[in-house]
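Residue-level structural notes
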Amino acid sequence: MPSFDIVSELDMHEVSNAVDQANRELGTRYDFNKVDAKFELAGEVITLHAEVDFQLQQMMDILRNKLVGRKIDIKSLDVGEPHKANMRARQLVTLKQGLDQLFSKKIVKMIKDKKLKVQSQVQGDQVRVTGKKRDDLQEVMAMLRGEDLELPLQYTNFRD
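We now turn to the structure provided with this report. Remember, predicted model here, so these are calculated numbers, not experimental data. Per chain, residue numbering runs from 1 following the sequence as it is written. Totals for whole chains, interfaces and linings use every residue, but because this is a predicted model, local features are given only for residues with pLDDT of at least 70 and side-chain atom pairs only at 80 or more, for both listing and counting. In computing side-chain values, all of the structure's heavy atoms are included and hydrogens and water are not.

Each helix is a run of H or I in the DSSP string that is no shorter than four residues. Each strand is a run of E no shorter than two, and both are numbered from the N terminus. Helix span is expected to be 1.5 Å times the residue number reduced by one. With 17 residues, helix H1 (residues 12-28) extends 25 Å between its outermost C-alpha atoms, agreeing within 8% with the 24 Å of an ideal straight helix rising 1.5 Å per residue. Buried residues are those whose accessible area, probed at 1.4 Å on protein chains only, stays under 20% of the maximum for their type, while exposed residues exceed 50% and partly exposed ones sit between those limits. Within H1, the full set of buried residues consists of Val15, Ala18, Val19, Ala22 and Leu26. The buried side chains of H1 occupy one side of the element, clustering within an arc of 100 degrees when seen end-on. Along H1, exposed side chains directed more than 90 degrees from the buried face belong to His13, Arg24, Gly27 and Thr28. In this analysis, two residues are considered to be in contact whenever any of their non-hydrogen atoms come within 4.5 Å of each other. Close packing links the buried residues of H1 with strand E2 (38-42), strand E3 (45-50), helix H2 (53-69) and strand E6 (88-95). Within this analysis, the arc is defined by the directions that extend from the helix axis to the C-beta atoms.

Here it is, written out as structure tokens:
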């Protein structure tokens, strides 16, 4: 039976490249000349360091542009509040990946509500969809692409 998996993953290598590009752009921009500002990537958290919170807003725009240029959906960013202390400003941006149980159940419910001839089940941090026809699976993919979800979805492991 044909099947595929619904996942939400980020290419961390591309995220690292985007952060490096954003740091390089900070070095060349006139408004950040002689300003101690930088991006740091540690695991799944990007930390923005600057002197004032206005610069953090500009840095977020730079980061978003670099991530979009690297084909990383900005829906996967969880932007925290800026923190100001000792003439420094800092902001944490957490990268969201993987489907939690609640979101997986929401996807399964959406598929069942459409009354398509497929079965869907939660398997850890992914959702497996199986059906008798390939067209039914493609219909599920099209339906999920049309929805406005809070996480970017990828469709992997397509088997005929």
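Once the structure has been displayed, the description carries forward.
So, about the packing of aromatic side chains. Here a Phe, Tyr or Trp ring, Trp counted by its six-membered ring, pairs with any other such ring whose centre lies within 6.5 Å, and the pair is stacked when the planes are under 30 degrees apart, edge-to-face when over 60, and tilted otherwise. Under the criterion given, the structure shown has two aromatic pairs. Each ring, one from Phe4 and one from Tyr155, has its centre 5.9 Å from the other, and the planes form 75 degrees; the classification is edge-to-face. Pair noted here: Phe4 is in strand E1 (residues 3-7) and Tyr155 is in strand E9 (residues 154-159), with a separation of 151 residues, a long-range link. Taking relative accessible area as the criterion, Phe4 reaches 0% and is therefore assigned buried.

The next point concerns the packing of H1 against H2. The relative placement of two packed helices is expressed as an angle between their axes plus a distance between the axes. In this description, a line fitted to the C-alpha atoms serves as the axis of each element, helices being fitted only across the stretch in contact, and the angle between N-to-C directions of two axes falls anywhere from 0 to 180 degrees. The contact between H1 and H2 brings their axes to 9 Å, and the two run at 135 degrees. When the axes of H1 and H2 are compared, the pair comes out oblique. Relative to H2, H1 is oriented so that their crossing is right-handed. Where H1 approaches H2, its residues Val15, Ala18, Val19, Gln21, Ala22, Glu25 and Leu26 are matched on the opposing element by Met59, Ile62, Leu63, Lys66 and Leu67. Its residues assigned to classes, the contact of H1 with H2 comprises nine nonpolar, one polar and two charged. Any angle from 65 to 115 degrees is called roughly perpendicular, while one under 35 is roughly parallel, one over 145 is roughly antiparallel, and all others are oblique. Should the near helix be turned anticlockwise from the far one by less than a right angle, the crossing is left-handed, and should it be turned clockwise, the crossing is right-handed. Under the grouping applied here, Gly and all other residues not named as nonpolar or charged are polar, the nonpolar ones being Ala, Val, Leu, Ile, Met, Phe, Trp, Tyr, Cys and Pro and the charged ones Asp, Glu, Lys and Arg.

Below, the discussion takes up the pairing of strand E8 (residues 126-131). Strands are labelled as partners when DSSP assigns at least two bridges between them. Examined bridge by bridge, E1 and E8 share four bridges and lie antiparallel to one another. In the sheet register, Ile6 faces E8, and the bridge partner there is Val127. Bridge count for strand E7 (residues 118-123) against E8 is six bridges, and the pairing is antiparallel. Opposite Gln119, over in E8, you have Thr130 as the bridge partner.

With that settled, consider H2. Over its 17 residues, H2 runs 25 Å from end to end, which matches the ideal 24 Å to within 8%, given 1.5 Å per residue. Taken together, the buried positions of H2 are Gln55, Leu56, Gln58, Met59, Met60, Ile62, Leu63 and Leu67. Among the structural elements, H1, E2, E3, strand E4 (77-79) and E6 are those in contact with the buried residues of H2. Phi for Lys71, located one or two positions after H2, is positive at around 60 degrees.

Right, let's get into unusual backbone geometry. A positive phi is found at Met87, a non-glycine position, where the angle reads about 60 degrees. In this structure, Met87 sits in the loop between strand E5 (83-85) and E6. The class of Met87 is exposed, set by a relative accessible area of 75%. Of note, the phi angle at Asn157 is positive, near 55 degrees, even though the residue is not glycine.

Don't take any of this as a statement about function, it's just geometry.
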